[in-house]
Amino acid sequence: MTGGRVMRKKRVLVVCGTGIATSTVVAEKVANALRSHGIDAELIQCKVTEVPNYLSDTDLIVATTVVGDTRGVPVVPAVSLLTGVGEQEVIDKIVEALSTAQR
């Protein structure tokens, strides 16, 4: 509890074109980073066409592909988590987005 509020688990969609290969690599890196920052999060891997099914309870989308209408859910592009170039900046954006996310 913080300030009288119960802290709830954050929900993060990890999105790629097929929901299999690249999202698995990205999900592992995101999970490790969130753990090291003490952020409790549920990570859901999915393909980009499945995103609309999850939006109502999602705090953040981490994507390696272009995502269409997210109904206001923020998106962090995450190709850097595959290439390693700019990886820390992406992690910082994810942590910041989840630290300020309110549903």
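Quantities reported herein were computed from a predicted structural model and do not represent experimental measurements. (Residues numbered from 1 in each chain as written. Predicted model: local features only at pLDDT ≥ 70, side-chain atom pairs only at ≥ 80, totals over all residues. Heavy atoms only, no water.)

S.K.: Is there a simple way to explain the sheet that holds strand β1 (residues 10-16) in this structure?
M.R.: For sheets, the rule is that strands pair by backbone hydrogen bonds, running either parallel or antiparallel. The 4 strands lie next to each other as β2-β1-β3-β4, forming an open sheet whose pairing is parallel. Each edge of the open sheet is held by one strand with a lone partner, namely β2 (41-47) and β4 (75-77). Going from strand to strand, the sheet's axes swing by 25° on average, the running direction of each strand aside. Sheet strands touched by helix α1 (residues 21-36): β1, β2 and β3 (60-63). Its angle to β2, the strand with the most contacts, is close to 170°. (Pairing = 2+ DSSP bridges. Helix = DSSP H or I, 4+ residues; strand = E, 2+ residues; numbered from the N terminus. Axes fitted to C-alpha atoms, helices over the stretch in contact; angles between N-to-C directions. Contact = heavy atoms within 4.5 Å.)

S.K.: Just checking my understanding: could you explain unusual backbone geometry for this structure?
M.R.: One can expect most non-glycine residues to show negative phi and most peptide bonds to be in trans. The phi dihedral of Arg71 is positive, around 50°, even though this residue is not glycine. Following the sequence through the fold, Arg71 ends up in the loop between β3 and β4. Owing to a relative accessible area of 56%, Arg71 belongs among the exposed residues under this scheme. (Buried < 20%, exposed > 50% of the residue type's maximum accessible area, 1.4 Å probe, protein only.)

S.K.: Explain the nonpolar core to me, please; I cannot follow it from the model alone.
M.R.: One recurring pattern in soluble globular proteins: nonpolar side chains tend to sit buried together. Formed by 19 residues in total, the largest nonpolar core has its most connected members in Val62, Leu81 and Ile94. In terms of residue count, helix α3 (residues 87-100) provides more of this core than any other element does, 6 residues in total. Sequence-distant contacts of Ile94, that is, excluding residues within four places in its chain, are made with Val30, Leu34, Leu60, Val62, Val76 and Leu81. Of all hydrophobic cores here, the second largest spans 10 residues; its members include Cys46, Val51, Ala63 and Val73. (Core = buried A, V, L, I, M, F, W, Y, C linked by side-chain atoms within 4.5 Å.)

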